[in-house]
Amino acid sequence: MTASATTTGDPRSRDDGLGWVTRAVFSDPRVAVTVDAEPPAGHTVVARYAVVPSVARARFLLPLGRPRVAAAALLSYNALRPAKLRAARAVLGVAARAGAVDRVPFPVLTVALPVGLDPAEVLLAARVGAELGTPVHAACGVRPPDPNHKPTLQLFDDRGEPRGYAKIGWNDATRALVTAEAAALREVAGLAGTAGHPGTTRLLTEFAWAGQAVAVVEPLPARIRGLSIDAPPDLAALLAVARRGRPPTPARPLAGSPFLARLTEQARRAADTVGERASTAVADLARRHGDVAVEFGHWHGDWVPWNLGRHEGELVAWDWEHSGPEVPVGFDLAHDAFQRALVARGEPAAAAARQVDTWLDRHGEALGLDRAGRRLVADAYLVEMWLRTWRLADAGAGWNRALHPALLDTISNRHS
């Protein structure tokens, strides 16, 4: 890294959330980034951010001198957040709109460029503005470092109106997720309302940036409201997502399907990590359900209440980064059940797997699944979910300790 990136006070040398985010957002070594320190000689300041509430406990990077943008970063889509967090952000947002961010002595992160260097060449927000054809201002949340998370810029115009989100894929795992979401959004564009298909945000642009994958997605509707964690599944929407707005396709047996071939190949590749356990799980799946015929289609891949909302009575879905084709119809229902138990209620993997069985028995008939089909979908989804966990770990994201090895143990024990 050049001298400009090793300036005293450069947060990119930190090993916490502030370091992780600033390394991703200000990745070019020609960009000088300092906290409570002046930039090097020969540099021009192009942006200043308040580090809220402190360097050690950073949660937000809010632009200084832009009270409308700072307020919008705190208040936009607040209705999607839990009540306690919503109240706290509302208070902060009102204060920010009154200019409090500029008056409170928060640490100041300064971004500066060598004189004569085009900001669009080295600053992500400037590049996004060039791609969109209009200047944008960025704010950014700060989270603890996590190889499975993506730094995301909130983008606003001069009036504080949302212009979109820029998601940054910075390692193999997150680059794949950003690329997958961009592909999914291109595929579902224009399907909103078609045969019950949920609304989606549009992909505005996608590009490679300093070894990173960046996808810019339009903002959600301003008045969107979140779904209750106890909301019943929208089965018509699940079917519409699976069928991409088209009529149902004929059922096909699991044996010989592209889906089973993919699981078999990925399990073989996972052998270096877990030995033959994954291959055994896939072989058992084929042995138990190979002759069972089900409909195959697409899935959202992360269909959960916190990725769904309603706007003017219509369902809207976002975060399509795990979307894909050629899976048994019913996978999104299984995922919804599994994640509500695992994430929302904090239950172990084995209990979450039982919830998958319960939901498929309760709702599977509406998706065209008989008893044999429901058993196939449940078992196949759990294998798919463990292989996703392995894929992310193999790509550098590390293991999800809630799922490994507990989910593989659960799969092994289900029919013993």
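This structure is a prediction, so every number in the text was calculated from the model and none was measured.

Draft legend 1. Looking closely at the sheet that holds strand S5 (residues 137-141). Taking strand neighbours across the sheet as the criterion, the nine strands line up as S1-S4-S2-S3-S5-S6-S7-S9-S8 in an open arrangement whose pairing is antiparallel. Of all the strands in the sheet, the pair left with one neighbour each is strand S1 (32-35) and strand S8 (203-209). Strand-to-strand, the axes of this sheet are offset by a mean angle of 25 degrees, without reference to chain direction. Contacts from helix H7 (residues 172-188) reach strand S7 (162-169), S8 and strand S9 (212-217), with the element oriented near 35 degrees to S9.

Draft legend 2. Layout of the pairing of S9. Among the six residues that make up S9, six are buried, leaving the element largely enclosed by the rest of the structure. Burial along S9 is two-sided: the face carrying Gln 212, Val 214 and Val 216 and the face carrying Ala 213, Ala 215 and Val 217 are both buried. Relative to S9, S7 runs antiparallel, the two being bridged by five bridges. By the bridge assignment for S9, Ile 168 is matched with Val 214.

Draft legend 3. Representation of the pairing of S8. Pairing geometry for S8 and S9, over six bridges, is antiparallel. Looking at S9, one finds that Trp 209 is bridged to Gln 212.

Draft legend 4. Region of the structure containing the sheet that holds strand S10 (residues 225-226). The sheet built from three strands is open, its strands ordered S10-S14-S15 with antiparallel pairing. Looking at the sheet topology across the chains shown, the edges are occupied by S10 and strand S15 (314-317). By the bridge criterion, two bridges tie S10 to strand S14 (residues 308-311) in an arrangement that is antiparallel. Each residue of the ladder has a partner; that of Arg 225, found in S14, is Arg 310.

Draft legend 5. Quick look at the pattern of salt bridges. This model, assessed by the stated rule, comprises 30 salt bridges. The residue Arg 262 makes a salt bridge to Glu 384 at a minimum N-O spacing of 2.8 Å. Residue Arg 262 is located in helix H9 (residues 258-269), and its partner Glu 384 is located in helix H14 (residues 371-397); the two are separated by 122 residues in the primary sequence. Each member of the salt-bridge network shares a partner with another, and the members are Arg 288, Asp 357, Asp 361, Arg 374, Arg 375, Asp 379 and Arg 414.

Draft legend 6. Geometry of the confidence of the model for the protein chain. Averaged over all residues, the pLDDT of the protein chain is 92; the fraction at 70 or higher stands at 98%. Every residue in residues 1-8 is under pLDDT 50, and counting partners more than four places away or in other chains gives 19 contacts.

Draft legend 7. Region of interest: the packing of aromatic side chains. Tallied over the entire structure, the rule returns nine aromatic pairs. Centre to centre, the rings of Trp 299 and Phe 331 are 5.3 Å apart; their planes meet at 70 degrees, and the pair counts as edge-to-face. Remark: Phe 331 occurs in helix H12 (residues 331-344) and Trp 299 occurs in strand S13 (residues 296-299); sequence separation between them is 32 residues. For the pair formed by Trp 299 and Phe 331, the shared burial category is buried. Connected via pairs of aromatic rings, a cluster forms that spans Phe 259, Phe 296, Trp 299, Phe 331, Phe 338 and Tyr 381. Above the plane of the ring of Phe 207 lies Arg 127, whose end atom (NZ or CZ) is 4.2 Å from the centre.

Draft legend 8. Broad picture of the side chain of Asp 379. Within the secondary structure, Asp 379 is located in helix H14. Note on Asp 379: relative accessible area 4%, which makes it buried. There is a polar contact of 2.9 Å between the side chain of Asp 379 and the side chain of Arg 414.

Basis of the calculations
Residues numbered from 1 in each chain as written. Predicted model: local features only at pLDDT ≥ 70, side-chain atom pairs only at ≥ 80, totals over all residues. Heavy atoms only, no water. Pairing = 2+ DSSP bridges. Helix = DSSP H or I, 4+ residues; strand = E, 2+ residues; numbered from the N terminus. Axes fitted to C-alpha atoms, helices over the stretch in contact; angles between N-to-C directions. Contact = heavy atoms within 4.5 Å. Buried < 20%, exposed > 50% of the residue type's maximum accessible area, 1.4 Å probe, protein only. Salt bridge = Lys/Arg side-chain N within 4 Å of Asp/Glu carboxyl O. pLDDT = per-residue confidence, 0-100. Phe/Tyr/Trp six-rings, centres within 6.5 Å; stacked < 30°, edge-to-face > 60°. Lys NZ or Arg CZ within 6 Å of the ring centre and 35° of its normal. Polar contact = N/O pair within 3.5 Å; in protein donor to acceptor, adjacent residues only side chain to side chain.

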